[in-house]
Amino acid sequence: MRNRQNKRKKMIDNILLAPYYLTLKFRHFLYDHGIKKSSRADVPTVCIGNITVGGTGKTPHTELTVRTLLSMDKFRGKNIAVLSRGYRRESKGFQQVTTGSSAAFSGDEPLQIKNRFPGITVAVDAKRTEGCEFLSHPERLKASRKNRKCADKNFPAADIIILDDAFQHRALKPDLSILLIDYNRPVFQDRLLPLGHLRDIRERTSAADIIIITKCPSFIDSEEKEKWISALGIGNFDTDSLSGTNRQGRRQTILFSTIKYCDAVPIFHDADQRYLYARRAIMFSGIANDTPLRSYLAGKYKIAKHIKFGDHHKFTGSDIRTLESASGDEPTAILVTTEKDSQRLKDMGKIPGTLSARMFQVPIEAVFTSEKEDLIFRNHLKNLL
C-alpha cells in the first residue's frame, strides 16, 4: 500500500515539475546545439558552481582555487582575478571590489575573498561575459559608457579568471568547469525546485570537467567514495587519474573535500583576546546552514545561546540590541559568528565597544581529503596555461 502511495506521489510530483524541467531542458538544448551562442573569454577561465540552492561551499572552493594558484610556480607573477555576481549587492553593473568596499556595495562573499587575498583582482558583474572582457582588457572598460558607474577602474589585465557561481551562465564557455555537490544533499536523491533543492536538471552534472563532493567527513573511506562514484553514474574509474567515464561518454574527475575550521579571530580591532578562553559562547549567524559551525563550536565551548538570522542577512540596529541583550545575560561569553557574517557586521555604524570587544569570527577552508586529490587538482589548473 505504501509503495503504491509513493509511486502515485512521485507521478504527481513529476507532472507538477514538468513545465520547469522542460524549460530548463530546452534552454540547454539551445546552447548544446549552437542555436544560442556560447563563447570563451580571451584568457583562461575556471568556473565553480552547483546545480542546487543553498551552500555547497562555492566561496571556500573559490578560495581553495586561488590559494592553489598562488602556490604554483607556473602562476607566479600572473594576475589572478575572481569574478562573482555579488549576490544582494546594492551597486550596479561591473564593479571592482577593494579592501575598502562594503558588503552592501559588493556582496559579502566577494568582499571576503578580497580581504583574504588582497593582491588579486576581485570584481562583480551579473553579466559574466562582459565582466571577463573588462577584467582581461581594462582599457575596454575605460572606453565603455559603463565606466561612469564603475567606482574603481584601476586594475591590471587578468591572466586567468575564476568564475564564482557561473555554472548556469551558458553564454560563457569556461576552460575548466568545476561542479560542487554537497555530501549531505546528493543530487541523485534530490528534486527540482520548489519540491526539492535543485535549480537545474540533474543531467547537467555530466557537463563538468571536475565534480567535487564537498563537506565530506574528514574520515571518509575509499568504499564510501566508490559508492558516490557509482551513484553519479561514473564507470571505468581510474584510481591513478581519479577520473572515469559518465553515461554521456565524457571523462570526469571526481574529488572529495572537507571543511577545515580555523582558530577564531577578532572581527574588530578593539577585540579582547581573553574572550577566546571563555567557557561559554553566544553563537549567531546569517547563513543557509550553520549546523556544522555549531558542532565545531560545541567541541570548544558550551553554547549558551544560538541566534539565527536569514541567509545573507543585513544586520540592523535591532539585531545589535538583540546581541547586547544576549551578551548581558552571559557576561563572560564570547560572541562567535562566521567569516561571511563578519563582512556584513562591518557595514554597521558604531557598535558598542562592550559588544565589539567580544565579537570573533571562525574562518573556514576547503581542503581535499587526500594529497593525491590535491595533486590531481593542481594538474588540471597547470594545464590552463
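About the cut-offs
- All residue numbers refer to position in the chain's written sequence, counted from 1.
- For this predicted model, a pLDDT threshold of at least 70 governs which residues receive local features, and a threshold of 80 or more governs which side-chain atom pairs are given and counted, while totals over whole chains, interfaces and linings are taken from all residues.
- Excluded from the side-chain calculations are hydrogens and water; all other atoms, namely the structure's heavy atoms, are used.
- Note on definitions: angles span 0 to 180 degrees between N-to-C directions of axes, and those axes are lines fitted to C-alpha atoms, for helices only across the stretch in contact.
- Under the DSSP-based scheme used, a helix requires at least four consecutive residues in state H or I and a strand at least two consecutive residues in state E, with every element numbered from the N terminus.
- Every angle not falling under 35 degrees, over 145, or within 65 to 115 is termed oblique; those three ranges are roughly parallel, roughly antiparallel and roughly perpendicular.
- Crossings are assigned a handedness: left-handed for a near helix turned anticlockwise from the far helix by less than a right angle, right-handed for a clockwise turn.
- Two residues qualify as a contact provided that any one of their heavy atoms is within 4.5 Å of a heavy atom in the partner residue.
- All residues other than Ala, Val, Leu, Ile, Met, Phe, Trp, Tyr, Cys, Pro, Asp, Glu, Lys and Arg, Gly among them, are scored as polar; the first ten of these are nonpolar and the last four charged.
- Think of it in three bands: with a 1.4 Å probe and only protein chains considered, a residue is buried below 20% of the maximum accessible area for its type, exposed above 50%, and partly exposed in between.
- A pair of strands counts as paired when DSSP detects no fewer than two bridges linking them.
- Patch criteria: residues need more than 30% relative accessible area and no salt bridge. Like-charged residues are merged within 9 Å; nonpolar side chains of Val, Leu, Ile, Met, Phe, Trp and Tyr are merged within 5 Å.
- Accessible surface area values rest on a Shrake-Rupley calculation with a 1.4 Å probe, where residue burial reflects the displayed protein chains alone.
- Salt bridge, as applied in this entry: a Lys or Arg side-chain nitrogen positioned within 4 Å of an Asp or Glu carboxyl oxygen.
- By this rule, a helix spans an expected 1.5 Å times one less than how many residues it contains.
- For this quantity, the arc is that covered by the directions from the helix axis to the C-beta atoms.
- When the sulfur atoms of two cysteines come within 2.5 Å, that pair is taken as a disulfide.

Glancing now at the packing of helix 2 (residues 58-70) against helix 4 (residues 108-116). Where helix 2 contacts helix 4, the axes come no closer than 11 Å and their chain directions differ by 30 degrees. Put simply, helix 2 runs roughly parallel to helix 4. Handedness of the helix 2/helix 4 crossing: right-handed. On the side of helix 2, the interface is formed by Thr59, Thr62, Glu63 and Arg67, while helix 4 contributes Glu109, Gln112, Ile113 and Arg116. Grouping the amino acids of the contact of helix 2 with helix 4 by side-chain chemistry returns 1 nonpolar, 3 polar and 4 charged.

Remark: a regular strand shows side chains that alternate across the two faces of the sheet. Here strand 15 (residues 359-362) shows two buried faces, one formed by Met359 and Gln361 and the other by Phe360 and Val362. Alignment of strand 11 (residues 265-266) against strand 15, held across 2 bridges, turns out to be antiparallel. In the sheet register, valine 265 faces strand 15, and the bridge partner there is glutamine 361. For strand 14 (residues 334-338) and strand 15, the ladder comprises 4 bridges, and the chain directions are parallel. Among the inter-strand pairings, threonine 338 is bridged to a residue of strand 15, identified as valine 362.

With that settled, the discussion passes to a nonpolar patch on the surface. Residues Phe26, Phe29 and Ile35 make up a contiguous nonpolar surface patch of about 320 Å² in total accessible area. Mapping isoleucine 35 onto the fold places it in the loop between helix 1 (2-32) and strand 1 (45-49). Among the residues examined, isoleucine 35 registers a relative accessible area of 53% and is labelled exposed.

The next subject is helix 9 (residues 317-329). With 13 residues, helix 9 should reach 18 Å at 1.5 Å per residue; the first-to-last C-alpha distance of 19 Å fits that figure. Looking at helix 9, one finds that the buried residues are Asp319, Ile320, Leu323, Ala326 and Ser327. Burial along helix 9 is one-sided: seen end-on, the buried residues are contained in an arc of 120 degrees. Set apart from the buried face of helix 9 by more than 90 degrees, the exposed residues are Arg321 and Gly328. Where helix 9 is buried, its residues touch strand 12 (280-285), strand 13 (302-308), strand 14, helix 10 (339-345), helix 11 (353-356) and strand 15.

Attention now moves to the state of the cysteines. Going through the model one piece at a time under the given rule, you end up with 0 disulfides. In this model cysteine 132 remains outside any disulfide bridge; the closest cysteine sulfur is found in cysteine 47, 9.9 Å from its own. We classify cysteine 132 as buried; its relative accessible area is 1%. Summary of cysteine pairing: cysteine 216 is not part of a disulfide, and the nearest cysteine sulfur, belonging to cysteine 262, is at 18 Å. Classification of cysteine 216 as buried rests on a relative accessible area of 3%.

Honestly, it's all geometry; don't read function into it.
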